[in-house]
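For reference, the chains in residue letters:
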Amino acid sequence: MRNVCLLLLLFQLSAGLALGQVKGTVLDKATGKPVAYANIWVENENIGATSSEKGEFQLAQINLLGKTLVISCLGYEKAQVAISDRNLRVLLKPSAVALKEVTVKKSTKRSKFIINKLDGNTQYSFGSNGTPWIVAQYIPYKPSYAATPFLDEISLVTLSNIRNATFRLHLYAVDKNGQPGRELLSAPLLAQAPKGVRNVKVDVSQHDLQMPPQGLFIGFEWLILRRNRHEPVDPETGVAEGPSRASYEPSLRCYGPEQKSPNGWIYHQGKWRSTNQCEGDAITSATPHFQLTLSN
């Protein structure tokens, strides 16, 4: 009888936790279709998620009623939604993207120029245990870039415990406050990280983007998707170490403490913060190292 009561109590507790979780679906307001890979944060909280290919998301934490979700996704206006129910239907409004006329043509005889060249140092990296961070590095403009104005390729070093971990890159303009602003791309820039420590190259030449005179930000976003989840196993026992040790791959090479750079930013709790202003916080180690290749 005691065992039956114990099992009943455990069932009630698990049911209560499940009922406390917030689930939802992100949809295009114009078409009603699911919006994949939306970045979702609980405002002012270290809680977030990524919508799946079906637009679905789940926040495992309880007691979120009355808080506010901040949802952003390329091609849509940022939305803020009050958590008034445990099952949410979020509608994102497509943003009007003004296409600029291309007046400069690429040269048939191409030259290339490399900025922030990568080296063999992979001592420092930054990863996610289930938080949909976006980390960004500011790349300032220099007059010497005028001869090679087009963005050609982005290189970065990833450290992944799984094969083909999917992540997303962003290119941002600089806003009036000097932080990441509007997206420079009109389509998602998805890439994959092979298993191990690898130099990953992402071709952006097809977008015909020129280096803005104010410079730009390159951003890396973790996608909190089941296929990116890695739960480590004890090498001696072969037993999984538990959900608390799980990570979402890949990790990203960052600058070390002795290489502190004022050019790092992180999208955290639904807003951008400079990593240079987070003293005493692990976020100070989140300044990513990107190599950018320009061409004419």
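The structure contained in this document is the topic of the report that follows. (Residues numbered from 1 in each chain as written. Predicted model: local features only at pLDDT ≥ 70, side-chain atom pairs only at ≥ 80, totals over all residues. Heavy atoms only, no water.)

A look at the pairing of strand β13 (residues 180–183)
Bridging between strand β12 (residues 165–174) and β13 involves two bridges; their strand directions are antiparallel. Following the sheet pairing, V174 is matched in β13 by P180. The antiparallel pairing of β12 with β13 creates a hairpin that spans five residues between the two strands, and G178 there sits at a positive phi of about 80 degrees. (Pairing = 2+ DSSP bridges. Helix = DSSP H or I, 4+ residues; strand = E, 2+ residues; numbered from the N terminus.)

Describing the packing of aromatic side chains
For the coordinates displayed, the defined rule picks out twelve aromatic pairs. Geometrically, the ring pair formed by F126 and W222 is edge-to-face, given 6.0 Å between the ring centres and 65 degrees between the ring planes. With a gap of 96 residues between them, F126 in strand β9 (residues 125–128) and W222 in strand β16 (residues 216–222) connect regions that are remote in the sequence. Geometrically, the ring pair formed by Y267 and W272 is tilted, given 5.4 Å between the ring centres and 55 degrees between the ring planes. One aromatic cluster in this structure is built from W41, F126, W133, F167, Y172, F220, W222, Y267 and W272. (Phe/Tyr/Trp six-rings, centres within 6.5 Å; stacked < 30°, edge-to-face > 60°.)

Re the sheet that holds strand β6 (residues 79–82)
Pairing between the strands of a sheet comes from backbone hydrogen bonds, and it takes one of two forms, parallel or antiparallel. Here four strands make up an open sheet; going across it, the order is β3-β2-β5-β6 and the pairing antiparallel. For this open sheet the edge positions go to β3 (48–50) and β6, each flanked by a neighbour on one side alone. Averaged over all pairs of adjacent strands, the angle between strand axes in this sheet comes to 20 degrees, irrespective of strand direction. As defined by bridge partners, strand β2 (residues 39–42) adjoins β3 across three bridges and the pair is classed as antiparallel. Bridge pairing in β3 places I40 opposite A49. (Axes fitted to C-alpha atoms, helices over the stretch in contact; angles between N-to-C directions.)

Focus on the nonpolar core
The biggest cluster of nonpolar side chains holds 46 residues, and the ones touching the most others in it are L151, I154, L156, L169, F220 and L292. Discounting chain neighbours no more than four positions away, the residues touching I154 are L169, L171, V200, K201, V202, V204, I218, F290, Q291 and L292. (Core = buried A, V, L, I, M, F, W, Y, C linked by side-chain atoms within 4.5 Å. Buried < 20%, exposed > 50% of the residue type's maximum accessible area, 1.4 Å probe, protein only. Contact = heavy atoms within 4.5 Å.)

Brief notes about unusual backbone geometry
With omega at 0 degrees, the peptide bond leading from E249 into P250 counts as cis. Mapped onto the secondary structure, P250 falls in strand β18 (residues 247–253). The backbone phi angle of Y37 is positive, close to 65 degrees, even though this residue is not glycine. Structurally, the position occupied by Y37 is in the loop between β1 (22–28) and β2. Of note in the backbone geometry, D208 takes a positive phi value of approximately 55 degrees without being a glycine. Positionally, D208 belongs in the loop between β15 (196–203) and β16. In this structure D208 comes out as partly exposed when scored by relative accessible area, which is 36%.

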